[in-house]
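Chain and residue survey
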Amino acid sequence: MWKYTLRRVLATVPALLAVITICYLMLHATPGGPFDTERKVSAAVLANLQAKYHLELPLWQQYLYYLNSLLHGDLGASFRYADWSVNDLVAKALPVSLTIGGLSMLIAVALGVSLGIWAALRQNSAADYLLMLLGSVGSAVPSFVLGPVLVMVFAIWLPWLPSGGWSDHEVRFWVLPIALLTLINLSTVGRVMRGSLIEVMSSNFIRTARAKGLPMRIVVLRHAIRPALLPVVSVLGPLAISSITSAVVTETLFSIPGLGKLIVNGASNRDYTLVLGLVILVTLVAVLLNLLVDLAYAYLDPKIRY
Amino acid sequence: MPTLIPKSATESAEPAQRSPWLDARIRFVRNRAALASLLILVCIVFACVLGPLLLPYSYEDTDWNQMGIAPTLTGWHLFGTDELGRDLLVRTLVGGRISLTVGLLATLVSVSLGVAWGAVAGFVGGRVDALMMRIVDILYAIPYLLIAIMMVTILGRDFYLVVLTISAFSWMDMARVVRGQTLSIRSKEYVEAARAIGVPTWRIIFSHVVPNLLGIVVIYTSITVPGVILTESVLSFLGLGVQEPMTSWGVLIHDGANVMASSPWMIWFPGAALTITLYCANFIGDGMRDALDPKER
Amino acid sequence: MQKSLPSLSLLSLLLTLACAAQSAGAASVPAGVALAAKQEWVRSNGAEPETLDPALAESVGANQITRDLFEGLTATDTSGKTVPGVAESWKQVNPTTWVFTLRKGAQFSNGDPISAEDFVYGWRRYLDPKTASQYATTLAPFILNGMDVAEGKKPVTELGVKALTKDQLEVKTPFPVAFLLDLLANTQFAPIHKATIDKFGKDWTKPGNMVGNGAFMLKEWRVNSAVVLEKNSRYWDAKSVVLTKVSFLAIEDSNADVKMFQSGETDMVYVLPPGAYEQLKKSYPAEIKNGPMLGLRFYALNNKDPMMKDLRVRKALSMVIDRDVLASKVTADGQIPAYGVVIKGIAGADVTSYDWAKWPMDKRVAEAKKLLAEAGVRPGTKISFTYNTDQYHKKMAIFAASEWKTKLGLETEMDNLEFKVLIKKRHDGEFQIARHGWIADYNDATTFLTLVQCDSDANDNKNCNRKAEELINQGNQTLDPVKRKALLTEAARLVMEDYPMIPLLQYTLPRLLKSYVGGYFESNPMDHFRSKDFYIIKH
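A brief structural summary. Quantities reported herein were computed from a predicted structural model and do not represent experimental measurements.

1. Describing the overall build of chain A
What chain A contains, in helices and strands, is 13 helices and zero strands. When its helices and strands are written in sequence order, chain A yields α-α-α-α-α-α-α-α-α-α-α-α-α. With the C-alpha coordinates of chain A rotated into their principal frame, the extents come out at 85 × 55 × 35 Å. Buried positions account for 59% of the 306 residues belonging to chain A. Put simply, of all contacts in chain A between residues at least 6 apart along the chain, 71% involve residues at least 24 apart.

2. Some remarks on empty space enclosed by the protein
The probe, sized like a water molecule, is rolled over the atoms to show the empty space still left. All names here are of chain B. Evaluation of the coordinates by the stated rule reveals 14 cavities of 30 Å³ or more. Around the second largest cavity, the lining is made up of 13 residues, and of these Asp82, Arg86, Arg91, Leu252 and Asp255 lie nearest the centre. For the lining of the second largest cavity, the secondary-structure elements that each account for two or more residues are α4 (88–124) and α10 (249–258). Sorting elements by how many residues they give to the lining of the second largest cavity places α10 first, with three residues. Broken down by class, the residue content of the lining of the second largest cavity amounts to five nonpolar, one polar and seven charged.

3. Concerning the packing of aromatic side chains
All names here are of chain C. Applying the stated criterion across every chain, the model contains 29 aromatic pairs over all chains. On the numbers, 4.7 Å between centres and 75 degrees between planes, the contact of Tyr299 with Phe385 is edge-to-face. Of this pair, Tyr299 sits in strand β11 (residues 288–301) while Phe385 sits in strand β13 (residues 382–388), and the two are 86 residues apart along the sequence. One exposure class covers both Tyr299 and Phe385, and it is buried. Summarising the aromatic geometry, the rings of Tyr354 and Tyr499 are spaced 4.6 Å apart at their centres and angled 15 degrees between planes, so their arrangement reads as stacked. With Tyr354 in the loop between β12 (336–337) and α12 (361–375) and Tyr499 in the loop between α17 (481–497) and β16 (501–512), the pair connects residues that are 145 residues apart, well separated along the chain. Considered together, Tyr354 and Tyr499 belong to a single accessibility category, that of buried residues. Taking NZ or CZ as reference, Arg103 lies 3.5 Å from the ring centre of Trp236, over its face. The ring of Tyr507 carries Arg297 above its face, with NZ or CZ at 4.0 Å from the centroid.

4. Let's talk about the packing of helix α5 (residues 126–135) of chain A against helix α8 (residues 172–201) of chain A
All names here are of chain A. Running from N to C, α5 and α8 cross one another at 150 degrees; their axes reach a closest spacing of 9 Å. Judged on the interaxial angle alone, α8 and α5 are roughly antiparallel. Taken together, the residues of α8 that come into contact with α5 (itself represented by Asp128, Met132 and Gly135) are Leu186, Ser187, Gly190, Arg191 and Arg194. Split by residue class, the contact of α5 with α8 holds two nonpolar, three polar and three charged.

5. Quick word on the interface of chain C and chain B
Size of an interface, as often reported, equals the accessible area lost when the parts are brought together. Between chain C and chain B, the contact holds 20 residues from the first and 21 residues from the second. When chain C packs against chain B, the two sides together hide about 1,800 Å² of surface, and 53% of this comes from carbon and sulfur. Summed over the three residues of chain C that lose the most area to chain B, namely C:Lys329, C:Gln391 and C:Ile398, the buried surface amounts to 25% of that side. Linking chain C with chain B are one salt bridge, by the criterion used here. A salt bridge links B:Asp255 to C:Lys394, with the shortest nitrogen-to-oxygen separation between them at 3.2 Å. A total of seven residues in the side of chain C that touches chain B trace back to one element, the largest contributor, which is helix α13 (residues 391–408) of chain C. When grouped by side-chain class, the residues that make up the side of chain C that touches chain B number eight nonpolar, six polar and six charged.

6. Here's the deal with the sheet that holds strand β14 (residues 411–417) of chain C
Strand pairs in the sheet, formed through backbone hydrogen bonds, run parallel or antiparallel to each other. Residues and elements named next belong to chain C. Read across the sheet, six strands follow the order β12-β16-β11-β15-β13-β14 without closing on themselves; strand pairing throughout is mixed. Bordering the open sheet on either side are β12 and β14, each of which pairs with just one other strand. Where β13 lies against strand β15 (residues 433–439), two bridges are found, and the strand directions are parallel. In the sheet register, Thr386 faces β15, and the bridge partner there is Ala434. Each of β11, β13, β14, β15 and β16 is contacted by α13, which is oriented at about 50 degrees to β11, the strand it contacts most.

Analysis parameters
- Residues numbered from 1 in each chain as written.
- Chains lettered and ligands numbered in written order.
- Predicted model: local features only at pLDDT ≥ 70, side-chain atom pairs only at ≥ 80, totals over all residues.
- Heavy atoms only, no water.
- Helix = DSSP H or I, 4+ residues; strand = E, 2+ residues; numbered from the N terminus.
- Buried < 20%, exposed > 50% of the residue type's maximum accessible area, 1.4 Å probe, protein only.
- Contact = heavy atoms within 4.5 Å.
- 1 Å grid on protein atoms, 1.4 Å probe; cavity = no way out; pocket = protein on both sides within 12 Å on 5 of 7 lines; lining within 4 Å.
- Points joined across faces, edges and corners; volume = space filled by probe spheres on them.
- Nonpolar A, V, L, I, M, F, W, Y, C, P; charged D, E, K, R; others polar.
- Phe/Tyr/Trp six-rings, centres within 6.5 Å; stacked < 30°, edge-to-face > 60°.
- Lys NZ or Arg CZ within 6 Å of the ring centre and 35° of its normal.
- Axes fitted to C-alpha atoms, helices over the stretch in contact; angles between N-to-C directions.
- Parallel < 35°, antiparallel > 145°, perpendicular 65-115°, else oblique.
- Buried area = accessible area lost by both parts, 1.4 Å probe.
- Salt bridge = Lys/Arg side-chain N within 4 Å of Asp/Glu carboxyl O.
- Pairing = 2+ DSSP bridges.

Structural data, given as structure tokens:
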């Protein structure tokens, strides 16, 4: 197990390098540069801007420069937000996204797994359909509709919660964004859990357990749940990654200073360093989460060996 | 010697052989929700394909005197008009054509690619698995906006390009899910048995692994479909998808969401169309999963 | 020349007296208005400001904040009029030389006195190519050697600004600039505390480090969330500043903006979402605000394109668009139809129009059809229209496309691009018709004329009318404002007869402001407000 983990951690480095290189090339190949603005910039200013950010050097030299500063832990200066370094911007956005994405994942998993189990055990009954109907709201109704509806109901008609904005310590700003993300994630987790548990419940060892006369609760919670969770765990990886790093719609609707908005704005502004810095962060998060998911596989299904 | 057991009795005691597909179809039909969903979906498809041909307006006819009116029978604006005076019913149906086609094609491409990738990685294991999954990790980390802008500016604007772009983002989740499931199936007894008796690897994959993946694949496909249709709307909003005056449900809903408070019909109708379609897809997905489950008897 | 001086010096004398007599733009709370106990204003500011360094600030949002943190020689009051800032009085000693006298006791927020040297340092820093301000060349042409300095052709020491004494500043301009006082209200020309920059370098704009001289100080800066300012007690006019705290929230989505206003999170909406004006006007009659702004919406035409290079084609395209329907029905937010490059309310030139603007539409269409036929463009021809992703632009574009189709039979291919890609294509001339908009940088017609001048960086149409150019140059050298106006107006008329682009509408600024926030003037043409002029009424 530990050797496997170590191997995965080491494998991160070439993966990271590959991501940086691809994004780097893509950014520079995309038309429009960071200093293309409505009002044309004079040649002298452009020359100075480019010198400031090493843009006048040939591509491969800039690349090496960038890698070099990376080794020193410096993600570079943002092109667009002249007063901040990329380290600053990323460090400020990460806790926000972690809070919202992380909490919504926890709630979605807790609710989704419960919902899925409940529905699976009452397969094809009215309760099953109803539960699935409610649970699927997050995937059938687009987030840019669900969000404003939540705001209209809970912030404007019933003035219980703020309609947007962010505060590090005031929980009331967290409620609606987390609710939105949770609804979206809930439907995926619930449906996968339901389908997976239904399959497991008809396998031989479960039949044996039931034949033995074990109460349903024990059958499900002690025997069926582990293999049934396997597909759910597979799904959690991508869900968690997108909740934390790509919750753009949520962040825009509620004006939250998170990672998703930062990436999209960075790409629109051709803020090369910011985008690359965020890409690195996303890669690290993705690698970490995927590693956890793979380790979870081994725990849930003892026959899986690496 | 007279036969002790009448021939007819033995013959009638053995049930007629039924193909597993017929089995599945029967199970599917028995699932009320899935059947109803299928019928509704067929109706929607028919409406989208034939409807615009029957209506008096085209999807791009603007009418500056009838801007933003609520649904009304006069002038046959059954769904009302949008803020440029274009009939919403026609636009919803035409938009449906785009959304359904994109949904279908992109899902097809991403599911095929995702299943193939994930099954091979999960089954072969070892270094190949590690490499293939690392590639998925790498592709995952690249911001989709960047890819989308690049693909459009370099390859030009084309409907199939939209499909391609969307598929490019959607296959990776499926690959990962399938790989996980394959890892589990690989260690099952029947696979060990097949290997023991010398069945070639490709045969094992297609005859044993894939059918057992069907359940999770079907479920995840019905999760992919809404994702694909919504990605299309985000792309169109960013200027990278369908061009004006052509529209899609995603675009209509996005525009409608902005004027929700003043012109609710603009979001109700396309929103209902999308939601109903997606719910139907969900139920059909669940129904198919239940129907194709090899253990259901 | 001595000859023309007397009238000018009389004028400047009157100005000086007027300035001294006028009370500095304080928050003039009308008599009988009860103020709230908590004087804190939360306002939306659109996208996150790219910087708070006044020399680098380019966007409207960033400048809105720097206007509260820094103050130049002059400033603008809430109705948009220029008032004294750090400079108490000034004299125009000759057409191209001004001397400003700074008020006694003006300080930076850390107590250090402001001297004329600080202005010299600030201006040199702003135009220094090493500072790499993207906004340098916009205001540089109006200070002597400004353009040469910004382009790196001359050293910063050659810039036409000099400290005569500790509190007397001499400013030289390359030609008589009638609107210099307006120009200097921009915080790009604010005094900068050199010691702070030397000490902190790039980090000088962070809270706790920043030293400014405006009515407010930077208290907190939460990136992508909020910029919070608090009252600067060392500001020379602190006694008339009523607000104690101003929060600028970074809200990008205008719909979210309105929702935050409705739920009480903010007191002001930066700008309304497109199409929402009519409905919000009905729901919030007391809070809705809409005033014309110095901005022009137009479509650039690529004068070098094979089809567009024919004047008849360009004229036809412009003639058939019904700007009245565009203003009253399509955009429906109080915008004014525009038929020329100069817009209503700007100083320095009059609005020009076309003779056909008054014709009935049928006559216009018939004439346009005739022109197209002469030019050899048949119905069914495809034209391409490029615009950037935005609900508002999309709506206008669809209207234009439908006009061109129904009236001229032309098929418009709509090309929706991302903003940066649009700019690049426009600058590089890879378009036929492109959406464009321009907001005035200062209140003078030349800021718009630059759109259609020969060899101008801002001219994407790539048209050139030498005669008009000649008139503009003449106008800039003229001292007599009346004569100047006539020259510039004639130049504008001449250029527009070439139909280099299609002017459409003049911008307005529809927004929502809670009725308990006082001090707002709808007629402020450039949307240059300072928080020091606002106050919260008891509610």
